[in-house]
Each structure stands twice: as C-alpha cells, then as structure tokens.
Amino acid sequence: MLTTETLWYLGPEATLVLTAVVLYLRGVFRRWEDQPIAAGKSLSQDTLSLQIALVGVVLAGWALVRIGLPQESVGPVILDPLGLYIRWLSLAAIGLLVLLASTDASRTNRPEYLGTVLLAGAGVMAVAAADNLVLLFVALELVSIPTYIVLCLGRRDADGYEASAKYFFLSLAASAMTLYGISFLYGASGSLELTAIRQNLVGKLSVSEGYFSDFTQLGVIFLLAGLGFKITAAPFHFYAPDVYQGTSYPNAALLSAAPKIAGFTALVRILIESLWPWEQHGFGWRVVLALAILTMTVGNTAALWQTHLRRLLAYSSVGQAGYILAALAVALGAETAESRSDGLAAVLLYLAVYAAATIGAFSVFEGIRRSGRPVETMEDLAGLSRHRPWSAAWLAIFMFSLAGVPPLAGFWGKWAVVLGAIQSSLSPRTGTQQSLWFMILAAAVMLNAAAAAAYYLRVVAAAYFRPPAQTHTAAGPAGPWIAAVLCGLLCVGIGLMPWPLWNTAASAVEPLAQPGQPLIFWDSSDGNPELGVQTIPAVSLLSPEDAADSSLVHFVFFAPERD
Amino acid sequence: MNDYAFLHQYLAVGAVLFSIGLVGFFTRRNMILMFLCTEMMLQGVSLSLVGWSRFYDDFGGQMLVIFILVVAACEAAIGLALIVVLYRQTGSLDIALWQRLREANQPPWQEDRPAPIPEEPAPVWPRLAPAGVRPAETDETTEFRDMV
C-alpha cells in the first residue's frame, strides 16, 4: 500500500526533484542581464545554480542517511542493501556530473540543465528503490526523458540535434520493448511485485510448466532487448558512438554513467530477484553470456580504429558493459550461493570503478581547451603533457584504470569478473557444458582486456609522446577539474584499498544470493497469513544425480506474522 | 475469469499492434510517423496488459496502462518539440537527412534524392519579451519617482 511512509522512504529522490524545481524557477526568474551577451566574452559563471544543485545533492545524501536500512519493503519501495549501494553510487555520480557540467556549452540554460541532470539522477536512485514493475518502469523513464532534454540543451548545433534525434527515437523503441517484456512477466506470474513474481512463478512452474515458462522466456528476451539499449549491449549499441560524438563531454559522461547504472540495477532486480526459481531452467545465463561475449568483442574491436575521443570512449563503454554482463552471466548461471554472491558483487564493484574512471576521463577532456576549442580528436591531445602536465597525468590514470592496469581500481573490477567466472567454472556443482562456457567467458574477458589496452594506451601515448603543435589551456571554471581530481583519488584509492568497497558490495548482494531465503510463502488468500506448503524445483540444492531421481522436493515454510 | 480463449485473442491483437509498430518504426523515414509507430507499439503492450489483467482478475496491469499513457504523453511533448527543432534545421521531416555522424570513411546511406539542406541561415522567429528587465527610464518616470 502506498502510504506517507513510502514517500518518506523516497525522500532522496524527492529532494533531488524539488531541487530541480527550484533550479527551473531560478531559470525563469533570473535577471536577463546576467546572461552572456555573446560567446567569447567573459561569461558569467552563474555559480548560484551550481551551488543550489550541489546543496540538493548533499541534502539527498542526508535524507539517505536518515532513512538508514530498515530492510523492509514498503509498498512499491524496497529498502535493501543492494538498493542502498546503488543509491549511494548514483548520488555520488550525479554530484560529479553536476560539477562536470559547470562548464557546459550552452550557458544560457545552465539552471535548467543542472535541474534536468538532477532529475535523471533521481530516476537512477528510484530504479534502485523499486520493488514493483510499475515503479521500475516509471523510474527508467525518469532516467530517459531528462536525458533527451539534456542532449538538446547541452549542445546546440546540427551535430547536437542529430545526436538528440538518434537517441530519442531509439530510446522510445527500447522503452516499448522493455514494457512488452514487463507485460509478459506480468502475464507469466500474475503480479507486478518483484517478490510476488518470484513466489507466483515457483507455484506456476511446478503446475503447468511449459505455458508460463514460454511467456517468461519471451519476457526475458524483450527485457534484455530494451534494457540492452540502456546498457549499450552489443546488438543494441549502434546509437552510442554517434550520440557520444555529436554531444558534449558532460552529456557523454551522463550517458555513460546514468543509464548504465539504472539498466544493470533493473536487470539484477528482475533476473536475479524475481526470476531466480525460473532461472534454474538455465535459459537466462546462456543469453546473457552470449550477449556479454558479443558486447565486449564488438566494443573493443571497433574502438581500435577510432581517432575521435568521444567515439573511442563510446566504444570503450560498450566494451566495459560487456565485462559487467559477464559478471551478471556468472551470477545467473551459478549453482552455489557463494558463486552467485561473487558474480553479483563483481557487478556492483565494476559499476563503481567504471563510473569513477569514465566520468573522470570525460572531466579531463572537458577541462582542457586547445586554441579556445574543446579537444575532439587524438591529434588535439598532442603535447598535453608539456602544457598541462597534471591533466595528462590524471588522463593516464583514468585510461590505465579503464584498461585494468594493476595498481588502479579498474584492475579489481576485471579481477572480480574473471575470478568469479573461473571459480564458478571449477565448482564441482557446475555441469560440464556450463563449466566449459564459463571458462570460455573468462578467456574472452582476459583477451578483450588485453586488446582494449591497445587503444587506451594510444590515448596516453598521444598525450605524452606526440610533438606539440598548439598550446592547451584550462577551460575556465574549476568544476571539471575538481570532478577529475575526485575521480582520480577514487581510482587510486580503490586500487590501493579495494577491500572496503568489495566487502560493501559483497554484503549488499548477500540477501539476493541466498537461494532459500526469499522463498517464504504467504498464503494470504483468505486475508490472514497462515502455514503455506510450497513445491519448488530444488535442482540447486541437490547434486545432479539426486535431482534426476527426485526433481521436485517438498518444503514447508512457516509464514511469519505480517506486521 | 481464467478464460484462456479470450486471453489469446487479447494477446494476439496486442502482438499484431506491437509488430506493426515495430516494422513501421524500422521502415518509415518521416519522423512524426516513426513517433506514431512507437505509440502503436505502446498500445499493443497496453492491450496485452489489459488482457492479462482481466485473465488474473487483478488491477495491477490496468494501473500500469494508466502509467504508460502518462509517460507516453510526456514523451510526445518532448518528441514533438524535438521534431520541430529538427524541422527548422533542414526544412524536412525526413530522418535520413541526419547522417552527418557516422563512422569515419563510411559512405553515406544512399538516398533517392539529394538532401535539401538550405544554405541560408535559419529564419528569425518572434520571441517573447525578456523577463526581469528594468524598463527604460524616461524623464517623466525619473521626475515623478520621488513623489510616489
């Protein structure tokens, strides 16, 4: 039920939305003389809007602290460690993006721009808090719709409009795909609540397996197609290079962070949390594994030929999405709780280190100008180490982190992914075919990481070893510079001390990874909860030989008192 | 209420609507028609949701349909504004005119007619009076200001 308590638990999102409203009002009532007359003059920085946005982010963080972790599901909102982790991660990313956007190209609309960025951040946080497919859909749209506006506001020339159009139309089709997947999940289970879907599927699959399993399969395919657009999985990635190239650096950073965090959170919520009993039929992990190998190979191979920086980083983000999908495939196909927990924790860890490195790289590029214009291609970086040595140093840190060089954060992300795949492959519970596929996955990740190092190193080499032609200057406001320094400290800090983040991620996914725990059966059909007897397929709890003898085992759960 | 026959009819019509929308989205080049095709995809989804909702005797699906309508309205507002902006740039609704962004060394998609991008600058459109400007002061206002 929706109560005032629900609104309280959505406090951080509400804070961000209210801050966005304040910023929109500020945009309307701002004095006309404050705005720049013409480009090239000393532009007014409008620091008040930036301050309002940052105060909003801090207030949202305070609200998040106040909520704490009650570990309960209130109406459509779930407050679990996974949601808390993703909410903190997205809040930090939004704070960095706000800082990064303080030099955005169209300064006339800065309050509106910052407000729209905050709205997208509220969407990502709401995805993490959603326990209901309706709220999940609305939250995903709250990420998409502000992104269209941001793409239009951030860069106003023919390329910017083309990028907006490409993103807008394909995103519409992807939303429709996601919704069709949601409708099939609803059809297969008869409920829109994620936990209820899981319980209903357990009952239905044992009664009339084929019928509902087919619908669930269709739903998973459509969901992967729709959410695959958001996370730039391989057959749905074609928009990414064009859109990144045609937009500004802050927009590209937003596109590479916000929809990915939202999409992966939604995938984890749906595939792991609600489809776990069905997943024992072994469909999801095969599809996700194929997507992962395809995505990382396509992204990294195409990036080798790029010279445009944003285009290169777009293909790089496709490749990185492939690694996260690999961790997700491990979590889906895992036969033990430990392997599943390792895979899920790798997803969360990789999201954090990827967001830090990629936002940092975009901040460095945004913070430098070459002859008054933003850097665009690899040639524009020539001589960067001589004119702006610190920019070049931070850029090298981010590129090495994305490539996965050991002392930096990105290494631990790849380490977690590869280790999860190998451990799952060597586990005695895993079947022969599955084991082989996980080994292929681990090999694919390592080969791709080696190939990807080539183009990341090319960027660093361009900044350090090409003869300088024109001088680089700073871009004016210190926002991108601060964002780059913060991201660089995160990359180095996580690289030297990965255990706090790893432990946080591991404890965040622990409730999801326990196979028996969420199968509490509510028999409240007549109003009051009572003893429920549930039949579940228990393949994962038995060895394959035993499972062949008795594929269905009866469990009795005592329904606890509700409230 | 669990009537499989009626459910299948709902689902079939919904799937047909969704497919028509999808095919139209991929084949049309007019931006407004592409937008309407995505709307048709959403209507197909809505119809199958209502069918499932009736099958289960549960209002969740119909509630989601209301949310879909609201979100579709938001997308329509933004989408039509974007289409107007794009139309002003080229003077055409053809999406195939927008192919400046592509892989380097890749030839443009062959068209049956040249892209009519006008050379002259975009027309100057009337705009609202700026807000927050202090009105120009005349002798009359300064003379009588002390008396007010």
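From a predicted model like this one, the values you see are computed outputs, not experimental measurements. (Residues numbered from 1 in each chain as written. Chains lettered and ligands numbered in written order. Predicted model: local features only at pLDDT ≥ 70, side-chain atom pairs only at ≥ 80, totals over all residues. Heavy atoms only, no water.)

## Some points on the overall build of chain B
- In terms of regular secondary structure, chain B is built from four helices and zero strands.
- In sequence order, chain B lays out its α and β elements as α-α-α-α.
- Per-residue burial over chain B gives 33% buried out of 148 residues.
- Excluding contacts between residues fewer than 6 apart, the proportion of contacts in chain B whose partners are at least 24 apart in sequence is 54%.
- As displayed, chain B has an accessible area near 9,600 Å², and 64% of this comes from carbon and sulfur atoms. (Helix = DSSP H or I, 4+ residues; strand = E, 2+ residues; numbered from the N terminus. Buried < 20%, exposed > 50% of the residue type's maximum accessible area, 1.4 Å probe, protein only. Contact = heavy atoms within 4.5 Å. Areas by Shrake-Rupley, 256 points an atom, 1.4 Å probe, with all protein chains shown as cover.)

## Let's talk about the overall build of chain A
- On a plain count of helices and strands, chain A comes out with 22 helices and seven strands.
- Within chain A, the proportion of its 563 residues that are buried is 64%.
- In chain A, the proportion of contacts linking residues at least 24 apart, taken out of those at least 6 apart, comes to 80%.
- Here chain A has roughly 19,600 Å² of accessible surface; of this, 67% comes from carbon and sulfur atoms.

## Things to note about the pattern of salt bridges
- Using the criterion set out here, one finds 13 salt bridges over all chains in the structure.
- Close ionic contact of A:Glu379 with A:Arg466 constitutes a salt bridge, the shortest N to O distance being 3.5 Å. With A:Glu379 in the loop between β4 (373-374) and α16 (384-387) and A:Arg466 in the loop between α19 (432-465) and β5 (472-474), this pair connects stretches of sequence that are 87 residues apart.
- Put simply, A:Glu162, A:Lys166, A:Asp242, A:Arg311 and B:Glu103 are held in one network by salt bridges that share partners. (Salt bridge = Lys/Arg side-chain N within 4 Å of Asp/Glu carboxyl O.)

## Some thoughts on the packing of helix α5 (residues 110-129) of chain A against helix α6 (residues 133-154) of chain A
Residues and elements named next belong to chain A.
- It is at 8 Å that the axes of α5 and α6 come closest, and there the two elements cross at 160 degrees. In this view, α5 runs roughly antiparallel relative to α6, as classed from their interaxial angle. As α5 runs across α6, the sense of the crossing is left-handed. Within the contact between the two elements, α5 uses Glu112, Tyr113, Thr116, Val117, Leu119, Ala120, Ala122, Gly123, Val124, Ala126, Val127 and Ala129 and α6 uses Leu135, Leu136, Ala139, Leu140, Leu142, Val143, Pro146, Ile149, Val150, Leu153 and Gly154.
- Looking at side-chain class alone, the contact of α5 with α6 contains 19 nonpolar, three polar and one charged residues. (Axes fitted to C-alpha atoms, helices over the stretch in contact; angles between N-to-C directions. Parallel < 35°, antiparallel > 145°, perpendicular 65-115°, else oblique. Left-handed = near helix turned anticlockwise from the far one by under 90°. Nonpolar A, V, L, I, M, F, W, Y, C, P; charged D, E, K, R; others polar.)

## With respect to a nonpolar patch on the surface
All names here are of chain A.
- Residues Val17, Val21, Leu25, Val28 and Phe29 make up a contiguous nonpolar surface patch of about 470 Å² in total accessible area.
- Mapping Leu25 onto the fold places it in helix α2 (residues 11-29).
- Take Leu25: its relative accessible area is 46%, and that puts it in the partly exposed class. (Patch = residues over 30% accessible without salt bridge, like charges linked within 9 Å, V, L, I, M, F, W, Y side chains within 5 Å.)

## Things to note about helix α14 (residues 309-333) of chain A
- Here α14(A) is 25 residues long and its end C-alpha atoms lie 36 Å apart, about the 36 Å a rise of 1.5 Å per residue gives.
- α14(A) sits mainly inside the fold: 25 of its 25 residues count as buried. (Expected span 1.5 Å × (residues − 1).)

## Some thoughts on the side chain of A:Thr232
Residues and elements named next belong to chain A.
- Relative to the helices and strands, Thr232 resides in the loop between α9 (209-230) and α10 (239-246).
- When its relative accessible area of 1% is taken as the criterion, Thr232 is described as buried.
- Setting aside its immediate chain neighbours within four residues, Thr232 contacts His237, Tyr239, Ala240, Lys260, Thr295, Ser317, Val318 and Ala321.

## Structural notes on unusual backbone geometry
- The backbone phi angle of A:Thr232 is positive, close to 55 degrees, even though this residue is not glycine.
- Here the phi dihedral of B:Asp57 falls at roughly 55 degrees; this positive angle occurs in a residue that is not glycine.
- With respect to the helices and strands, B:Asp57 occurs in the loop between α2 (31-56) and α3 (60-90).
- Here B:Asp57 falls in the exposed class, since its relative accessible area comes to 57%.

## A closer look at the interface of chain A and chain B
- Facing the 49 residues of chain A at the interface are 51 residues of chain B.
- Across the chain A to chain B interface the summed buried area is about 4,200 Å²; carbon plus sulfur atoms make up 74%.
- Taken as a group, A:Phe169, A:Tyr180 and A:Tyr186 account for 17% of the area that chain A buries against chain B, more than any other trio of residues on that side.
- Our count for the chain A to chain B interface comes out at two salt bridges.
- Between A:Asp159 and B:Arg100 there is a salt bridge whose closest N-O contact spans 2.8 Å.
- The tally of links between chain A and chain B comes to 11 residue pairs in polar contact (both at pLDDT 80 or more).
- For the side of chain A that touches chain B, the elements supplying multiple residues, two or more each, are α6, α7 (158-189), α9, α10 and α14 of chain A. (Buried area = accessible area lost by both parts, 1.4 Å probe. Polar contact = N/O pair within 3.5 Å; in protein donor to acceptor, adjacent residues only side chain to side chain.)

## Concerning the side chain of A:Ser339
All names here are of chain A.
- Structurally, Ser339 can be placed in helix α15 (residues 337-367).
- Of the residues examined, Ser339 reaches a relative accessible area of 10% and is grouped as buried.
- With residues up to four places along the chain from it excluded, the contact list for Ser339 reads Val330, Ala334 and Ser424.

## A short note on α6(A)
All names here are of chain A.
- Helix length check: α6, at 22 residues, gives a terminal C-alpha distance of 31 Å against a target of 32 Å (1.5 Å per residue), a fit within 8%.
- Most of α6 is tucked away, with 18 of its 22 residues classed as buried.
- Looking at where α6 begins, the residue whose side-chain oxygen comes 2.8 Å from the main-chain nitrogen of Val134 is Asn132.

## Side note on the packing of aromatic side chains
- Summed over all chains, the structure comprises 30 aromatic pairs over all chains.
- Here A:Phe222 and B:Phe18 contribute two aromatic rings whose centre-to-centre distance is 5.7 Å and whose plane-to-plane angle is 90 degrees, an arrangement assigned as edge-to-face. On the criterion of chain membership, the pair formed by A:Phe222 in helix α9 and B:Phe18 in helix α1 (residues 4-27) is interchain, its members lying in two chains. Taken as a pair, A:Phe222 and B:Phe18 share a single burial class, namely buried.
- Between A:Phe411 and A:Trp412, the aromatic rings sit 5.0 Å apart at their centres with planes inclined by 70 degrees, giving edge-to-face as the arrangement.
- With relative accessibility at 17%, the residue A:Trp412 sits in the buried group.
- Following the ring pairs from residue to residue traces out a cluster consisting of A:Tyr180, A:Phe184, A:Tyr186, A:Phe215, A:Phe222, B:Phe18, B:Trp52, B:Phe55 and B:Tyr56.
- Lying over the aromatic face of A:Tyr249, A:Arg310 brings its terminal NZ or CZ to 4.7 Å of the ring centre. (Phe/Tyr/Trp six-rings, centres within 6.5 Å; stacked < 30°, edge-to-face > 60°. Lys NZ or Arg CZ within 6 Å of the ring centre and 35° of its normal.)

## A short note on the packing of α7(A) against α10(A)
Residue and element names in this part refer to chain A.
- Between α7 and α10, the least distance of the axes is 8 Å, while the angle of their chain directions is 145 degrees. Considering how the two elements wind past one another, α7 and α10 form a crossing that is left-handed. Listed contacts from α10 to Asp159, Gly160, Ala163, Lys166, Tyr167 and Leu170 of α7 are Tyr239, Asp242, Val243 and Gly246.
- By residue class, the composition of the contact of α7 with α10 is five nonpolar, two polar and three charged.

## Here we look at the sheet that holds β4(A)
Residues and elements named next belong to chain A.
- A sheet is described by the order of its strands in space; here three strands give the open sequence β4-β3-β5, paired in antiparallel fashion. Of all the strands in the sheet, just β4 and β5 have a single pairing partner and so form its edges.
- Alignment of strand β3 (residues 368-370) against β4, held across two bridges, turns out to be antiparallel. When the bridges of β4 are listed, Arg369 appears paired with Pro374.
- Along the sheet face, α15 touches β3 and β5 and points at about 45 degrees away from the line of β3. (Pairing = 2+ DSSP bridges.)

## Brief notes about the confidence of the model for chain B
- Mean pLDDT over chain B works out to 84, with 87% of the residues at or above the 70 mark.
- Across the whole predicted complex the pTM is 0.85, and at the interface the ipTM reaches 0.83. (pLDDT = per-residue confidence, 0-100.)

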